[in-house]
Amino acid sequence: MLLIQDQMFERKENVVKPKRQQVRASLNAGAQELKTVILAGRNLGSIPSPTEVVGETTLLDLSYNALTELAGIQDYKRVEELVLDNNRLSTLCLPPLPNLRALSINNNNLKDLDQLLCNIEKCAPQLIYLSLLRNPACPNELMSGDEDDYQNYRCTVINRLKNLKFLDSRVVSSLEREYSLNMKRTATKRINTGAPAIQRPDRLQ
């Protein structure tokens, strides 16, 4: 059954995500209505195989289930937005999804940030929206109070995913991307020459 949901990105369990209208603008989605399949909250342990019509899905919501792997997601070849919040994923193993632009994986058990980013770089190079809040791989700025850890995490993700415009609850600003790039260059230079670290601006917005 195809359902249209205009407010996919909303506040759930204290996880703040951008509203769909804001993300839609970056997805250039005005050309046609997205074909949406909502399979949230069904205690699914595996991804159902799509029918021919559902195979044309461009927005797939699998949140609030019991998924531990993504076997079967390769059948949703046209998916542009994928919501996997509140499952039991410990690794991210996406198949090639060249149309994927938005990925939300909040509140899972993802621990290996490098593996996750390698998978996205390889299989979803057009991604512009990513949310990893409440995963071990994502430092919890609000709970720990360590803004530096969270900013270093953001810099790592932004440097790896060149097309990213939204990360977690924040827009990726031009200043933040410039700072992230400079930090990467300086880190390389420090390894080679022992140069001092650069100073982070007070606000990266």
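Residues numbered from 1 in each chain as written. Predicted model: local features only at pLDDT ≥ 70, side-chain atom pairs only at ≥ 80, totals over all residues. Heavy atoms only, no water.

## Section: the packing of aromatic side chains
Under the convention used in this document: Geometry of aromatic contacts follows a simple scheme: Phe, Tyr and Trp rings, the Trp one being its six-membered ring, pair when their centres are within 6.5 Å, and the pair is stacked under 30 degrees between planes, edge-to-face over 60, tilted otherwise. Strands are runs of DSSP state E lasting at least 2 residues, helices are runs of H or I lasting at least 4, and numbering of each runs from the N terminus. Type-normalised accessible area, obtained with a 1.4 Å probe on protein chains alone, sets the label of each residue: buried when under 20%, exposed when over 50%, and partly exposed for intermediate values.
The final tally for this structure, using the stated rule, is two aromatic pairs. Judged by centre distance (6.1 Å) and plane angle (55°), the ring pair of Y129 and F166 falls under tilted. Note that Y129 is positioned in strand β5 (residues 129-131) and F166 in strand β6 (residues 166-167), a separation of 37 residues in sequence. Looking at F166, the relative accessible area reads 4%, which means it is buried. For the ring pair Y150 and Y153, a centre distance of 5.4 Å and an interplane angle of 40° mean the geometry is tilted. Of this pair, Y150 and Y153 both sit in helix α4 (residues 147-160), separated by three residues, roughly a single helical turn. Y153 shares its class with Y150; the two are buried.

## Quick word on the nonpolar core
Condition: Residues belong to one nonpolar core when they are buried, are Ala, Val, Leu, Ile, Met, Phe, Trp, Tyr or Cys, and are joined through side-chain atoms within 4.5 Å. Residue contacts are counted whenever heavy atoms from the two residues lie within 4.5 Å of one another.
Counting 41 residues, the largest nonpolar core has L62, L82, L103 and L130 as its most contacted members. Secondary-structure elements contributing two or more residues to this core are α2 (113-123) and α4. Broken down by element, the residue count for this core peaks at five residues, all from α2. When sequence neighbours within four positions are dropped, the list of residues in contact with L103 reads L82, L84, L92, L94, I120, L127, Y129, L130 and S131.

## Digging into the environment of L67
As for its placement among the helices and strands, L67 is situated in the loop between β2 (59-61) and β3 (81-83). Setting aside residues up to four positions removed in sequence, L67 forms contacts with L44, G45, S46, I47, L62, L84, N87, R88 and L89.

## Observations concerning the sheet that holds strand β4 (residues 102-104)
Short version of the rule: Any two strands between which DSSP finds at least two bridges are classified as paired.
If you trace the seven strands from one edge of the open sheet to the other, you get β1-β2-β3-β4-β5-β6-β7, paired in mixed fashion. Bordering the open sheet on either side are β1 (36-38) and β7 (170-171), each of which pairs with just one other strand.

## Regarding the confidence of the model for the protein
Short version of the rule: pLDDT measures the predictor's confidence residue by residue and takes values from 0 up to 100.
For the protein, the average pLDDT comes to 79, and 68% of its residues sit at 70 or higher. Counting contacts from residues 189-198, a segment whose pLDDT is below 50, to residues more than four positions away or on other chains yields 11 contacts.

## Some remarks on the side chain of T58
Here is the rule we go by: Residues adjacent in sequence count toward polar contacts only when both atoms are side-chain atoms; beyond that, a polar contact is any pair of N or O atoms within 3.5 Å, and within protein one must be able to donate a hydrogen and the other to accept it.
Position of T58 among the secondary structure elements: in the loop between β1 and β2. Residue T58 is classed as buried on the basis of its relative accessible area of 9%. From its side chain, T58 meets the backbone nitrogen of K35 in a polar contact 2.9 Å long.

## Here's the deal with α4
Where we set the bar: A helix is expected to span 1.5 Å multiplied by its residue count minus one.
If you check α4, its first and last C-alpha atoms are 20 Å apart, about what 14 residues at 1.5 Å a residue would give, namely 20 Å. Regarding α4, the residues found buried are Y150, Q151, Y153, R154, C155, V157, I158 and N159.

## Let's talk about the environment of M183
Tracing the chain through its elements places M183 in helix α5 (residues 174-193). In this structure, the C-alpha to C-alpha distance between M183 and T156, residues 27 residues apart in sequence, is 9.5 Å.

## Some points on the pattern of salt bridges
Threshold: Put simply, a salt bridge is a Lys or Arg side-chain nitrogen that is within 4 Å of an Asp or Glu carboxyl oxygen.
All chains considered together, the criterion is met by four salt bridges. In this structure, R160 and D114 form a salt bridge, with 3.0 Å as the shortest nitrogen-oxygen distance. Taken together, the residues span a long stretch of sequence, with R160 in helix α4 and D114 in helix α2 at a distance of 46 residues. For R160, a relative accessible area of 23% gives the class partly exposed. A relative accessible area of 44% means that D114 is categorised as partly exposed. Among the ionic pairs, R160 bridges to E121, the shortest N-O distance being 3.1 Å.

## Things to note about unusual backbone geometry
It is generally the case that most residues other than glycine have a negative phi and that most peptide bonds are trans. Not every positive phi belongs to a glycine, and N43 is a case in point at roughly 60°. The residue N43 is located in the loop between β1 and β2 in this model. Here the phi dihedral of Y64 falls at roughly 55°; this positive angle occurs in a residue that is not glycine. One can find Y64 in the loop between β2 and β3.

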